[in-house]
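# Architecture at a glance
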Amino acid sequence: MTNLRFGGYLLVAIGLINLRYQTGHHNALLHSMAIVVPGLLLLAGTYISATQRILMRKNSQLLVALCAALLLVYAFTN
């Protein structure tokens, strides 16, 4: 669970940094929240016991890692 929590923290941090550096750009808040909200959902999911069981599966971890990687690419390219 610790690695998934770090991933959630990473997405929140990158999203907030993205918001700061895009100040003044059109739809900056929307772009940044598209990164922050999944990070917050991932963080919340690591503390809820029902979702912890789902996140412990290898398939779920692979899917979360793929989504996080795509969100990071999105953060750096927009």
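Here the structure is shown first, and the text comes after it.
A brief report on the enclosed structure follows. Residue positions are given per chain, counted from 1 along the sequence in the order it is written. Whole-chain, interface and lining totals are the exception, using all residues; otherwise, since this is a predicted model, local features are given only for residues with pLDDT of at least 70 and side-chain atom pairs are given and counted only at 80 or more. Note that water and hydrogens are dropped before the side-chain values are worked out from all heavy atoms of the structure.

## Examining a nonpolar patch on the surface
On the surface, Phe6, Tyr9 and Tyr47 cluster together into a nonpolar patch covering about 380 Å² of accessible area. Here Tyr9 is to be found in helix H1 (residues 2-21). Buried, partly exposed and exposed residues are distinguished by accessible area as a fraction of the type maximum, computed with a 1.4 Å probe on protein chains only: under 20%, between the cut-offs, and over 50%, respectively. A relative accessible area of 44% means that Tyr9 is categorised as partly exposed. Only residues above 30% relative accessible area that lack a salt bridge enter a patch, with like-charged residues linked at up to 9 Å and the nonpolar side chains Val, Leu, Ile, Met, Phe, Trp and Tyr linked at up to 5 Å. Here the accessible surface of atoms and residues is derived via Shrake-Rupley with a 1.4 Å probe, and residues count as covered only by protein chains that are part of the display. What counts as a salt bridge is simple: a side-chain nitrogen of Lys or Arg found within 4 Å of a carboxyl oxygen of Asp or Glu. Each helix corresponds to a stretch of at least 4 residues labelled H or I by DSSP, and each strand to a stretch of at least 2 residues labelled E; elements are numbered beginning at the N terminus.

## Observations concerning H1
For H1, with 20 residues, the first-to-last C-alpha span of 28 Å sits near the 28 Å given by 1.5 Å per residue. The inward-facing, buried residues of H1 contact helix H2 (28-47), helix H3 (49-55) and helix H4 (58-77). Take the residue count of a helix, subtract one, and multiply by 1.5 Å to get its expected span. Should any heavy atoms of two residues lie within 4.5 Å, those residues are counted as being in contact.

## Observations concerning the environment of Tyr47
Within the element layout of this structure, Tyr47 appears in helix H2. With residues near it in sequence (within four places) discarded, Tyr47 still touches Arg5, Tyr9 and Gln52.

## Considerations on unusual backbone geometry
At Asn27, a position not held by glycine, the phi torsion is positive, near 65 degrees. Checked against the element boundaries, Asn27 lands in the loop between H1 and H2. Note on Asn27: relative accessible area 38%, which makes it partly exposed.

## Some details on the layout of surface pockets
Considered as a void within the structure, the largest pocket measures approximately 160 Å³ in volume. Using a grid of 1 Å spacing that covers the protein atoms alone, one calls a set of points a cavity when a 1.4 Å probe fits there but cannot get out, and a pocket when the set is open and has protein on both sides within 12 Å along at least five of seven lines; lining residues are those with an atom within 4 Å of a point. Contributing to the lining of the largest pocket are Leu11, Pro38, Leu42, Ser60, Leu63, Val64, Cys67, Ala68 and Leu71. At the level of elements, H2 and H4 are the ones that each hand at least two residues to the lining of the largest pocket. When residues of the lining of the largest pocket are assigned to their parent elements, the largest contribution, six residues, is made by H4. Gly falls in the polar group here, along with every residue not listed as nonpolar (Ala, Val, Leu, Ile, Met, Phe, Trp, Tyr, Cys, Pro) or charged (Asp, Glu, Lys, Arg). Tallied by class, the residues present in the lining of the largest pocket amount to eight nonpolar, one polar and no charged. Grid points are joined across faces, edges and corners, and a volume is the space filled by probe spheres set on the points.

## What about the side chain of Ser32?
Position of Ser32 among the secondary structure elements: in helix H2. For Ser32, a relative accessible area of 0% translates into the label buried. Contacts of Ser32, omitting those with residues within four sequence positions, involve Gly15, Asn18 and Leu19.

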